[in-house]
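Observations on the three-dimensional arrangement
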Amino acid sequence: MVVTLRPKRSFWVPVDAECLTPDIFAGKSSREITALKLREGNRERALGELFEVEGEGGATPKEVSIQVFGDVRKVRRIGARMSAGEIVVHGDIGMHLGEEMTGGRIMVAGSADSWAGSMMKKGTIEIKGDAGDYVGAAYRGSTAGMSGGTIIIHGNAGNEVGCFMRRGLIKVYGNVGQFAGMHMRNGVILVRGNSEGRAGAEMTGGRIVICGSIPSILPTFTIDSVRPRVKVDEEEISGPFYMFVGDLAEGGDGRLYVSQTRNPHLGFYEKYL
Amino acid sequence: MAELLIKNGFVYDPMNNIDGERMDLAVKDGKIVENVGGKGVKIINASGMVVMPGGVDIHSHIAGAKVNAGRLLRPEDHFKDVEVKTAVTRSGVGYSIPSTFTTGYRYARMGYTTVMDPAMPPLKARHTHEELNDTPIIDKASYPLLGDCWFVLEYLRENMIEECAAYVAWTMNATKGYAVKLVNPGGLEAWGFGRNVRDIDDPVPHFNITPREIIRGLCKVNQLLKMPHTIHVHTNNLGKPGNYVTALETMKCVEDLAKGDKPVIHITHCQFSAFKGSDWRTFESGAEEIARYVNQHSHATLDMGQVVFTDTTTMTADGPFQYILHQISGNKWINHDVETETSAGIVPFRYRRKSYVHAIQWSIGLELSLLIEDPWKIYLTTDHPNAAPFTSYPRVVSWLMSQAAREKVMKKINRKARRRSLLPSIDREYTLREVAIVTRAGPAKALGLTQKGHLGVGADADIAIYNVNPERVNLSKKYKTVRRAFQRAAYTIKNGEVVVKNGEVVKSVNGKTFWVNVKASPSIIEIAPTLQREFEKYYTVRYENYQVPTHHLAVSSPVLVEARV
C-alpha cells in the first residue's frame, strides 16, 4: 500500500521523524498515521500537523511503500531501524537516512545529507544525487559501523565514507572526500571517481577500490602488487590497479586498490615491487 | 509546607523493627511526625503498596571531573538514551553516564533520595560540587580521595597521626567532603611513575610507606575525627585474579582497631575484589572466603558492585587497573586526574553473558550478598557505572529476591561459568525487609546519616512507595512484577513533597549536599601555615582558592563532628 507524504510548510528547524518507517506505518489507517508523534525542534507535533498524508499502511511492513514529496531537507531519521518495505524520496532528504536499518529499500531522487545509512545492518539505499559525510559510518564514539547491506550513491559523497564499516558494500559513482574507509574492518567500498586522499586510514581489513585519482597514499600503507582487474560484487572492474596493504600502524590487513593510469604520480611505488 | 498522610501501606522500616505492618505515616514540614490533623492534609492511599524509607546509595559515580570526562568520551552512550524535557524536568542524555539532571530524575523515579559520589579528587572539589548542585531531587555528598595525597603520605610515613587528622579535617572543610576515600592506596601515586603496588606490603615508590600503613593510618585518623562514615576502601589489586587475598588482608589489617561492634572499614564494590585463581583462565569466585570472614567479624561492611550484562562505562580513580582493562578490551580510554594526586581511568566496557569471566563476575556479586548472613553488612550497589548503570538496581533486587530470576539468567550464561557458580547451591531469597536493609537502612547506618534510612518520628520525610502487594504477589515467583515496581516508584516523597508519581517526576526540588564540618580545633589552625607554605611550593592552585566556600553549594548541609584532636 502506498502512503504519500507532502510537507504542509517549509521547516526551519530539524524535524526528527523516527516514526517515518514502513514498520510503524504497517497496519495503520491514514488517520492513525496522521496521529503519529514526531518532534520539530523541541516541540512535539503530530505527523498530520506537518505533512499531508494520503493512503494507508498495508498489513505488514513489506507491503508499505512511503512516497515523500516536497522539501524535506530538514527531516531526519527517515527509515531509521526499518526492516522491510520501501521509502521513496522524490527530492533531497535530511540527515540520518535509514539509520540502523535492517532491511527494505530506500530510494532518494535527489541528494541526502550526512549519516546516510549509518550503522545499517541490511537492506539497500540508493541515492541519485550526492551524499553528505559519514555514509554508512558508525555513530561518533562508537565502533559499530555499517554491518551489512548496500549503499549506492550516483553522485559524490563527503568525508569518512564507511567509517568503521564491518561488512556490506558502498558504491560511489562520483568522487569522495577524505578518509574513505577510515577504521574499516571489513566490507567493500568502490569509488568510481576521485578521492581527496587519506583513504583507508587505520583500516584493519576490507577493500577500498578507487578508480579515479588520489593525491597520495598514507605512509602506513605498503605496495603489494599491480592487479589487472578487481572484482566487486560480481562486477569485474578493469584496471590496472596498484594494490596497497595497510594500515600497518594498526597491524591492518586491508586492501587499497588505486587506478594506475589515473595516478601517474604514484609511479615511484613500482620500484618497491 | 503541606502535611501528608500516607495511609494503609505495608511499611518496611528495619531500623525501627517494622516489618510489613499495615500502618499510616504522617509527614509535616519535611519530617516524619506522630500524626497530622486538620484541614489541608494531603492523603496518599498506599493500600496494597510497599512503603519504605527513600533509597540510600552508598557508592555511585554521579559527578566530578572523571564522570564528566566519561561523558565526553562516549557520545555513543548519550545517543542511545535520550530524555525529553517535560513541564517540570529538563532534557538530558546518557545511558551509563547520564547527565546531571537525568541522574537526579532517574534516581528519584526508583525511589532513591540519597546518593553518595565516592571519588572526588580534592583539587576537583569545585567542579564536583557544581555538578552535584545540578543534580536535582536527591541528597548527595562526595568522598575526597585521600589515600594517595602527598600530605597524607608524608604525615603517615612520619607516623604523625594527629597532624594527619588535622589535615584530613581541613580537607573535609575545604573540599566539603563527607568521608575518607582510599582507592588502591599507594598504587595511584606509583602510577604517576608508571608503576603499581603488588600487595598491601609493597612500598610506594619515593615515599617509603606501604598501603598497609596508609590504610591503618587513615583508619586511626577517621576514628580520631569521629567521622560519621568509616574509611571507604577500594582495595589494592582490584580486578586481578587472586585478589580476594588482598581484600581479606585489607580487612584484617584494621581488625585490631575496632572497638566493640562498630565497623571501621568499608570495602566497596567487593565483587571486583573477590577474584580467585592465578590468571584469567583459572579465574573463579572468591566470594565464599570473603563471606566466611565477614560473617565471623563485625568490623567491616561491604557493598556489592553487582555486574549486569550490558554495555557500560568503567571509571575508577584506579588508573593502573583501568589501563589493564583498556589493554584487555582494546577499547578507547582516558587517563585522568594524574596531576591531582589520584589517577582516574575511563574505559567503555560491555559485560557479556557468554564470557566466562564476566559471567563469574555476575555470580560473585550475588554470591557475596547471599552468603553474607547479615544484610546490615553488605549493601546493594552496581558501583555505577562500573559494573552497570544504577538504573539496573531493580533487576538486582529481583535477583536477590528470587531464585527463579537467578536461574533464568543462569540458563543463558557461559556454560563453564554455570558449572562453577555457587548460585545453584544457594536457595536464600531476600525478604522485603532485607531489601529495605541493603538499599536504604544499611547504607544510611553505615554513613552515619541518622535522619535517613528509617521512618521513625523525626526522620527526614524521604519515602518511597512501590506498587506491589506482598500479600497478593508471590515475590519470589513474580520477579518481573517486583522489578517493574522498583523501576517506577508509585510515589517518591522527598523532604515531605511528592516528587514522583507513577514513575514520573512531578516536581523537581533541590537536594542537600552533606559535608563533614570538623569543629575547629587548635591543631587545624596550627597546620595552616605549613599548608600555605606547601601550596606555594607545589600546587598550581593557591591555598585560598583551593577551598570551596559554603555558598558554592546549592543547599549546604554540614554534619558537625567534634574531633578529639
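Within each chain, residues carry numbers counting from 1 in the order of the written sequence. Key to labels: chains lettered from A, ligands numbered from 1, both in the order written. For this predicted model, a pLDDT threshold of at least 70 governs which residues receive local features, and a threshold of 80 or more governs which side-chain atom pairs are given and counted, while totals over whole chains, interfaces and linings are taken from all residues.

Summing up its helical and strand segments, chain A has three helices and 17 strands in all. Put simply, the radius of gyration uses C-alpha atoms, and a globule should come to 2.2 Å times the residue count raised to 0.38. Scaling as 2.2 N^0.38, a compact globule of 273 residues should have a C-alpha radius of gyration of about 19 Å, and chain A matches this with 20 Å. Here a residue counts as buried when 20 or more other C-beta atoms fall within 10 Å of its C-beta, as exposed when 12 or fewer do, and as partly exposed in between; the C-beta atoms come from the backbone. Within chain A, the fraction of its 273 residues that count as buried is 50%. Strands here are runs of E lasting at least two residues and helices are runs of H or I lasting at least four, both read from the DSSP assignment and numbered beginning at the N terminus.

Below, the discussion takes up helix α12 (residues 356-371) of chain B. Taking 1.5 Å of rise per residue, the 16 residues of α12 of chain B would be expected to cover 22 Å, and the 22 Å separating its terminal C-alpha atoms lies within 8% of that figure. Where burial is concerned, most of α12 of chain B is hidden: 13 out of the 16 residues are buried. Helix span, expected: 1.5 Å multiplied by one less than the number of residues in the helix.

Bringing the confidence of the model for chain B into the picture now. Reading fine detail from the predicted coordinates is not recommended where pLDDT is low. Confidence of the predictor in every single residue is expressed as pLDDT, which spans 0 to 100. On average, residues of chain B score 93 in pLDDT, and 99% of them reach the 70 mark or higher. For this predicted complex, the interface confidence score (ipTM) comes to 0.84, while the overall pTM stands at 0.92.

Ranked by size, the top nonpolar core spans 171 residues in total, and within it Val51 and Leu368 of chain B carry the most contacts. At nine residues, helix α16 (residues 432-447) of chain B tops the list of elements feeding residues into this core. Domain limits in this description derive from either an automatic procedure or a database domain assignment. Formed jointly, this core draws a minimum of three residues from each of two domains, domain 1 (3-53 + 455-505) and domain 2 (55-447) of chain B. Contact criterion: two residues are in contact if their C-beta atoms, reconstructed from the backbone, are within 7 Å. Ignoring sequence-local partners within four residues, the contact set of Val51 of chain B consists of Ile6, Gly9, Phe10, Val11, Tyr12, Leu25, Ala46, Ile463 and Ile465 of chain B. Buried Ala, Val, Leu, Ile, Met, Phe, Trp, Tyr and Cys residues whose C-beta atoms connect them within 7 Å together make up a nonpolar core. Formed by 80 residues, the second largest nonpolar core is a distinct cluster that contains Ile24, Leu38, Phe51 and Ile78 of chain A.

Hydrogen bonds between backbone atoms are what pair the strands of a sheet, whose relative direction is either parallel or antiparallel. All names here are of chain A. Taken in spatial order, the four strands make up an open sheet running β4-β3-β2-β7, and their pairing is mixed. The sheet is open, and its two edges are formed by β4 (43-46) and β7 (75-76), each paired on a single side. For two strands to count as paired, DSSP must find a minimum of two bridges between them. Across four bridges, the pairing between strand β3 (residues 37-40) and β4 is antiparallel. Paired with Leu38 across the strands is Arg45, a residue of β4.

In this section: the sheet that holds strand β16 (residues 300-303) of chain B. All names here are of chain B. One open sheet holds the five strands; their spatial order is β11-β12-β13-β16-β20, and the pairing between them is parallel. One side of each edge strand has no neighbouring strand; the edge strands of this open sheet are β11 (181-183) and β20 (378-379). Relative to strand β12 (residues 231-234), β11 runs parallel, the two sharing three bridges. Across the sheet, residue Leu182 finds its bridge partner in β12, namely Val233. For helices, the axis comes from a line fit to the C-alpha atoms of the stretch in contact; other axes are also lines fit to C-alpha atoms, and the angle between any two N-to-C directions lies between 0 and 180 degrees. On top of the sheet, helix α8 (residues 211-224) reaches β11, β12 and β13 (265-267); it is set at about 160° to β12, its chief contact.

With an omega of 0°, the peptide bond between Gly246 of chain A and Asp247 of chain A qualifies as cis. Pro385 of chain B follows His384 of chain B through a cis peptide bond whose omega is -5°. Structurally, Pro385 of chain B can be placed in the loop between β20 and α13 (393-401). With phi around 60°, Tyr134 of chain A is a residue other than glycine that occupies positive phi space. Among the secondary structure elements, Tyr134 of chain A is positioned in the loop between β10 (122-127) and β11 (147-153). A count of 28 C-beta atoms within 10 Å places Tyr134 of chain A in the buried class.

This part covers the pairing of strand β19 (residues 344-350) of chain B. All names here are of chain B. By the criterion of burial, β19 is predominantly enclosed, with six of the seven residues buried. Alignment of strand β18 (residues 334-336) against β19, held across three bridges, turns out to be antiparallel. Following the sheet pairing, Ile334 is matched in β19 by Ile346.

Here we come to helix α6 (residues 161-175) of chain B. All names here are of chain B. With 15 residues, α6 extends 20 Å from end C-alpha to end C-alpha; this agrees with the ideal 21 Å at 1.5 Å per step. Of all 15 residues in α6, 12 are buried, a share of seventy percent or more. What α6 keeps buried is the set Glu163, Cys164, Ala165, Ala166, Tyr167, Val168, Ala169, Trp170, Thr171, Met172, Asn173 and Thr175. One or two positions beyond α6, positive phi appears at Lys176, with a value near 55°.

Moving on, we get to the domain arrangement of chain B. When the parts of a complex come together, some accessible area is lost, and that lost area is often used as the size of the interface. Residues and elements named next belong to chain B. Partitioning chain B into structural domains gives domain 1 (3-53 + 455-505) and domain 2 (55-447). Taken residue by residue, the interface counts 28 residues in domain 1 and 28 residues in domain 2. In terms of residue count, the dominant contributor to the side of domain 1 that touches domain 2 is helix α17 (residues 479-487) (five residues).

Residues and elements named next belong to chain A. The residue His96 is located in the loop between β8 (86-89) and β9 (102-108) in this model. Note on His96: 27 C-beta atoms within 10 Å, which makes it buried. Along the chain, His96 and Val75 lie 21 residues apart, while their C-alpha atoms are 9.1 Å from each other. In this structure, His96 is in contact with Arg76, Arg77, Ala80, Trp115 and Ser118, ignoring residues within four places of it in sequence.

Turning to the pairing of β16 of chain B, a few remarks are in order. Residue and element names in this part refer to chain B. Residues Ala300 and Leu302 line one face of β16 and the alternating positions Thr301 and Asp303 line the opposite face, and both faces are buried. In terms of strand pairing, β13 meets β16 through three bridges, oriented parallel. Bridging from a neighbouring strand, His266 pairs with Thr301 of β16. Inspection of the sheet shows β16 paired to β20 by two bridges, in the parallel sense. When the bridges of β20 are listed, Asp303 appears paired with Tyr379.

Our focus in this paragraph is the environment of Tyr167 of chain B. Residues and elements named next belong to chain B. Take Tyr167: it is sitting in helix α6. The class of Tyr167 is buried, set by 24 C-beta atoms lying within 10 Å. Considered as a pair, Tyr167 and Val221 are 54 residues apart in the sequence and their alpha carbons are 9.7 Å apart.

As a further point, take the packing of helix α5 (residues 150-157) of chain B against α6 of chain B. All names here are of chain B. α6 packs onto α5 with a crossing angle of 165° between their chain directions and a minimal axis gap of 8 Å. The angle between the axes of α5 and α6 places the two elements in the roughly antiparallel class. As for how α5 packs across α6, the hand of that crossing is left-handed. Residues Phe151, Val152, Tyr155 and Leu156 of α5 form the contact with α6, whose own contacting residues are Glu163, Cys164 and Tyr167. The residue classification treats Ala, Val, Leu, Ile, Met, Phe, Trp, Tyr, Cys and Pro as nonpolar and Asp, Glu, Lys and Arg as charged. All others, Gly included, are polar. For the contact of α5 with α6, the class distribution of residues is six nonpolar, no polar and one charged. Under this scheme an angle from 65 to 115 degrees is roughly perpendicular, one under 35 degrees roughly parallel, and one over 145 degrees roughly antiparallel; angles in between are oblique. Each crossing gets its hand from how the near helix is turned against the far one by less than a right angle, where anticlockwise is left-handed and clockwise is right-handed.

So, about the environment of His229 of chain B. Residue and element names in this part refer to chain B. Position of His229 relative to the elements: it lies in the loop between α8 and β12. For His229, a count of 24 C-beta atoms within 10 Å corresponds to the buried category. When the C-alpha positions of His229 and Leu25 are compared, they lie 29 Å apart, and in sequence the two are 204 residues distant. Once residues within four sequence positions are removed from consideration, His229 is found in contact with Tyr178, Ala179, Ala446, Leu447 and Gly448.

Residues and elements named next belong to chain B. Direction vectors running N to C along helix α9 (residues 244-252) and helix α10 (residues 287-296) enclose 10°, while the axes themselves pass 9 Å from each other. On the basis of their axis angle, the class for α9 and α10 is roughly parallel. Between α9, through Tyr244, Ala247, Leu248 and Met251, and α10, the contact on the second element is made entirely by Glu289, Ile290 and Tyr293. Residues of the contact of α9 with α10, tallied by class, amount to six nonpolar, no polar and one charged.

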